[in-house]
Amino acid sequence: MTSHGTSSGREHPDAVIVGAGIIGLFVAYTLAKRGMKVLVLERKTPGSGSSTRNGGGVRSQWGTATNIALSVMSQPYWAEFEQRLGMDVGLRQIGYLFLAATDDDLQSLRRQVDMQHEFGVRSEILKPNDIEARWPSLRGLAAAGASFCGTDGFVNQHRVIHAMVRAVEACGVTIQCGVDVTGMDATTAHITAVRTTTGTIPTEVVVNCAGAWAPDLAEPLGAYLPIRSRRVQLVLARPITPLPLDLPWLIDAHHGVHIRQDADGRAQLGGFTGRDETVDANDFNHDADAEWIDAVLRGVQQHLGIQVDRDSVIDSWAGLYPSTPDQHPIIDRTDAGMVVVGGFAGAGLMHAPAAGLLAAELIVDGRISSIDAAALSLARFSRPMESIEQTGF
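A.B. asks: Help me understand the sheet that holds strand E11 (residues 199-202), please; the structure alone is not making it clear to me.
C.D. replies: To summarise the sheet geometry, strands pair through backbone hydrogen bonds and adopt either a parallel or an antiparallel arrangement. The strand order E9-E10-E11 describes an open sheet built from three strands, whose pairing is antiparallel. Looking along the sheet, the strands with just one partner apiece sit at the ends: strand E9 (181-186) and E11. Taking each pair of neighbouring strands and ignoring which way they run, the sheet shows an average axis angle of 20°. The pairing of strand E10 (residues 191-196) with E11 spans four bridges and is antiparallel.

A.B. asks: Looking at this structure, I do not really get the side chain of Glu 389. What am I missing?
C.D. replies: Position of Glu 389 relative to the elements: it lies in the segment after helix H9 (348-365). Put simply, Glu 389 is tucked away with no salt bridge, and the nearest opposite charge, on Arg 59, sits 5.6 Å away. Here the side chain of Glu 389 touches Thr 64 through a polar contact of 3.0 Å, side chain to side chain. Within the local environment of Glu 389, its side chain forms a polar contact with the side chain of Thr 391, the two groups lying 2.6 Å apart.

A.B. asks: Looking at this structure, how should I read helix H8 (residues 290-304)?
C.D. replies: For an α-helix, the turn length of 3.6 residues means that residues three or four places apart are oriented alike. The first and last C-alpha atoms of H8 sit 21 Å apart over 15 residues, in line with the 21 Å expected at 1.5 Å per residue. Buried residues along H8 sit in contact with strand E4 (96-100), strand E13 (228-237), strand E14 (249-252), strand E15 (257-261), strand E16 (267-270) and strand E18 (313-323). Positive phi shows up at Gly 305, right after H8, with a value of about 70°.

A.B. asks: Can you help me understand the pattern of salt bridges in this one?
C.D. replies: The tally for this structure, following the rule as stated, stands at twelve salt bridges. Linking Asp 276 and Arg 228 is a salt bridge whose minimum nitrogen-to-oxygen distance equals 3.2 Å. Taken together, the residues span a long stretch of sequence, with Asp 276 in the loop between E16 and strand E17 (277-278) and Arg 228 in strand E13 at a distance of 48 residues. Taking relative accessible area as the criterion, Asp 276 reaches 40% and is therefore assigned partly exposed. Here Arg 228 falls in the partly exposed class, since its relative accessible area comes to 31%. When the shortest N-O distance is used, the salt bridge between Glu 277 and Arg 231 registers 3.4 Å. Of this pair, Glu 277 sits in strand E17 while Arg 231 is found in strand E13, placing the two residues 46 residues apart along the sequence. Taking the relative accessible area as the measure of exposure, Arg 231 reaches 4% and is therefore buried.

A.B. asks: Help me understand the packing of aromatic side chains, please; the structure alone is not making it clear to me.
C.D. replies: For any pair of aromatic rings, geometry is given as the distance between the ring centres together with the angle between the planes. Applying the stated criterion to the full structure yields eight aromatic pairs. Here the aromatic rings of Phe 154 and Trp 249 are separated by 6.4 Å at their centres, their planes lie at 85°, and the arrangement is edge-to-face. In this pair, Phe 154 is assigned in strand E7 (residues 153-154) and Trp 249 in strand E14, connecting sequence segments 95 residues apart. By the ring-pair criterion, three or more aromatic residues cluster together here, those being Phe 26, Tyr 77, Trp 78 and Phe 81. Across from the ring centre of Trp 249, 5.1 Å away, lies the NZ or CZ of Arg 260, which sits over that ring.

A.B. asks: Would you mind going over the sheet that holds strand E2 (residues 38-42) with me for this structure?
C.D. replies: Taken in spatial order, the six strands line up as E8-E2-E1-E12-E20-E19 in an open sheet, and their pairing is mixed. In the strand order of this sheet, the two ends are held by strand E8 (174-177) and strand E19 (330-333), each with one partner. Adjacent strand axes in the sheet meet at a mean angle of 20°, parallel and antiparallel pairs treated alike. On top of the sheet, helix H1 (residues 22-33) reaches strand E1 (15-18), E2, E8, strand E12 (206-208) and strand E20 (339-342); it is set at about 165° to E1, its chief contact.

A.B. asks: Would you mind going over the pairing of E8 with me for this structure?
C.D. replies: A regular strand places its side chains so that they alternate between the two faces of the sheet. The side-chain alternation of E8 yields two buried faces, one formed by Thr 174 and Gln 176 and the other by Ile 175 and Cys 177. Taken together, the four bridges between E2 and E8 define a ladder with parallel strand orientation. Its bridge partner lying in E8, Val 40 is registered against Ile 175.

A.B. asks: Would you mind showing me how to read a negative patch on the surface here?
C.D. replies: Judged by side-chain charge, Asp 216, Glu 219, Asp 280 and Asp 283 come together as a negatively charged surface patch. Mapped onto the elements, Asp 216 comes out in helix H7 (residues 214-218).

A.B. asks: Which parts of the structure should I look at to understand unusual backbone geometry?
C.D. replies: A negative phi angle characterises most non-glycine residues, just as the trans form characterises most peptide bonds. The backbone of Asp 264 sits at a positive phi, close to 55°, despite the residue not being glycine. With respect to the helices and strands, the residue Asp 264 is situated in the loop between E15 and E16. One non-glycine residue, Ala 345, lies in positive phi territory at about 55°. Within the secondary structure, Ala 345 sits in the loop between E20 and H9. Judged by its relative accessible area of 9%, Ala 345 falls in the buried class.

A.B. asks: Explain the packing of H1 against H9 to me, please; I cannot follow it from the model alone.
C.D. replies: The relative placement of two packed helices comes down to the angle between their axes together with the axis-to-axis distance. Running from amino to carboxyl end, H1 crosses H9 at an angle of 40°, the nearest separation of the two axes being 8 Å. The angle between the axes of H1 and H9 places the two elements in the oblique class. Between H1 and H9 lies a crossing of right-handed hand. Contacts from Ile 22, Ile 23, Phe 26, Val 27, Thr 30 and Leu 31 of H1 reach H9 at Gly 348, Leu 349, Ala 352, Pro 353, Ala 355, Gly 356, Leu 357, Ala 359, Ala 360, Ile 363 and Val 364. Counted by class, the contact of H1 with H9 contains 14 nonpolar, three polar and no charged residues.

A.B. asks: I tried to follow helix H6 (residues 157-170) on my own but got confused; where do I start?
C.D. replies: Taking 1.5 Å of rise per residue, 14 residues should cover 20 Å, and H6 covers 20 Å from first to last C-alpha, within 8% of that figure. Inspection of H6 places Gln 157, Val 160, Ile 161, Ala 163, Met 164, Val 165, Ala 167, Val 168 and Glu 169 among the buried residues, and these make up the whole buried set. Next to the buried residues of H6 lie H1, helix H2 (65-79), helix H3 (81-85), E8 and H9. Of the residues that open H6, the one with a side-chain oxygen 3.0 Å from the backbone nitrogen of His 158 is Asn 156. Just downstream of H6, Gly 172 is the residue with a positive phi angle, here 95°.

Criteria and thresholds
- Residues numbered from 1 in each chain as written.
- Predicted model: local features only at pLDDT ≥ 70, side-chain atom pairs only at ≥ 80, totals over all residues.
- Heavy atoms only, no water.
- Pairing = 2+ DSSP bridges.
- Helix = DSSP H or I, 4+ residues; strand = E, 2+ residues; numbered from the N terminus.
- Axes fitted to C-alpha atoms, helices over the stretch in contact; angles between N-to-C directions.
- Buried < 20%, exposed > 50% of the residue type's maximum accessible area, 1.4 Å probe, protein only.
- Lys, Arg positive; Asp, Glu negative; His and termini not counted.
- Salt bridge = Lys/Arg side-chain N within 4 Å of Asp/Glu carboxyl O.
- Polar contact = N/O pair within 3.5 Å; in protein donor to acceptor, adjacent residues only side chain to side chain.
- Expected span 1.5 Å × (residues − 1).
- Contact = heavy atoms within 4.5 Å.
- Phe/Tyr/Trp six-rings, centres within 6.5 Å; stacked < 30°, edge-to-face > 60°.
- Lys NZ or Arg CZ within 6 Å of the ring centre and 35° of its normal.
- Patch = residues over 30% accessible without salt bridge, like charges linked within 9 Å, V, L, I, M, F, W, Y side chains within 5 Å.
- Areas by Shrake-Rupley, 256 points an atom, 1.4 Å probe, with all protein chains shown as cover.
- Charge placed at Lys NZ, Arg CZ, Asp CG, Glu CD.
- Parallel < 35°, antiparallel > 145°, perpendicular 65-115°, else oblique.
- Left-handed = near helix turned anticlockwise from the far one by under 90°.
- Nonpolar A, V, L, I, M, F, W, Y, C, P; charged D, E, K, R; others polar.

That is the geometry; function is a separate question.
What follows is the structure in structure tokens.
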């Protein structure tokens with residue numbers, strides 16, 4: 001049912017979603033389940049933005065109430081994905097182990113775990129001897145302690161995109177690829193149509209799920225979205241000694257490196273390694289930098305005790321974290337009537353189910369009720385940030 005420039009499914013849809021990334025697909029799915037006729041416009045192919053250029057992480061260990069709540073809303077979808085949507089997306093709940101380099105880091109993790117417990121997340125604080133007892137291969141690791149949640153893990157993001165395309169099409173949604181949005185017709189506070197490279201589509205609901213390109217889509221309507229494109233890099237390699245199958249995703253946020261197991265003895269490594277780069281979403285290097293690869297391999301060996309040689313690198317890539325100042329997403333309606341669902345700061349994959357549910361509340365019910373709507377609003381940027389997420393990596 002996915003079309004390429006035809007007029008199928010375009011006649012007066014109830015909602016037009018711009019962007020067929022993971023957020024756009026989940027929004028389309030929930031709106032269709034709520035009875036709306038939905039058209040998704042994608043200028044390339046589903047997931048071709050940053051939805052498949054990430055680490056596949058799914059976790060509940062966050063440092064702010066907003067992101068914890070979004071994870072708790074999303075977690076049942078990931079745990080039951082195959083039962084709900086009929087496809088195995090490779091969920092592996094190996095757990096995330098956030099390592100504390102200092103006592104101050106450990107105190108921060110304690111505060112976060114206390115907050116996570118308020119939402120029912122079964123995270124815990126581990127002492128150094130607890131870490132060694134559970135994972136003998138980590139014996140001798142220089143850490144003041146850690147936080148751990150066994151239900152955290154990762155999925156195969158490519159399978160997720162494939163599954164969601166199939167699911168939305170089964171709900172009657174049309175996905176039209178190879179289409180650029182060139183403008184919109186609007187009154188003072190009401191959109192009436194979307195103009196595209198293949199024609200004009202009358203609609204009263206436009207949902208901006210364009211990811212890093214969301215600000216460009218909103219700007220002609222007079223809406224400023226404070227979303228910057230943070231470039232993130234990942235590398236796939238084969239450690240000299242294969243990682244134990246029970247080893248969790250190791251995150252050393254203090255030194256900016258992390259590593260997790262992958263399939264067939266491979267491992268995925270990443271981290272900002274002290275560098276947080278803002279780039280032009282339309283013009284950036286999609287390949288990981290050679291010097292960054294060297295730095296992250298050194299960091300993983302030095303701080304996590306895992307040796308990965310340079311000549312064992314299999315693949316590497318770079319994607320974007322569309323990020324707001326507080327590292328929380330925007331799910332709100334602009335003054336011109338555009339619904340914005342974006343700015344997830346690298347958590348778009350794991351929080352996509354919640355994004356779909358909340359967007360449907362806003363569009364169908366008229367307001368968000370399952371979470372504090374103010375924490376996701378555009379208005380929050382006009383006042384000092386109350387909480388800023390600092391556990392991204």
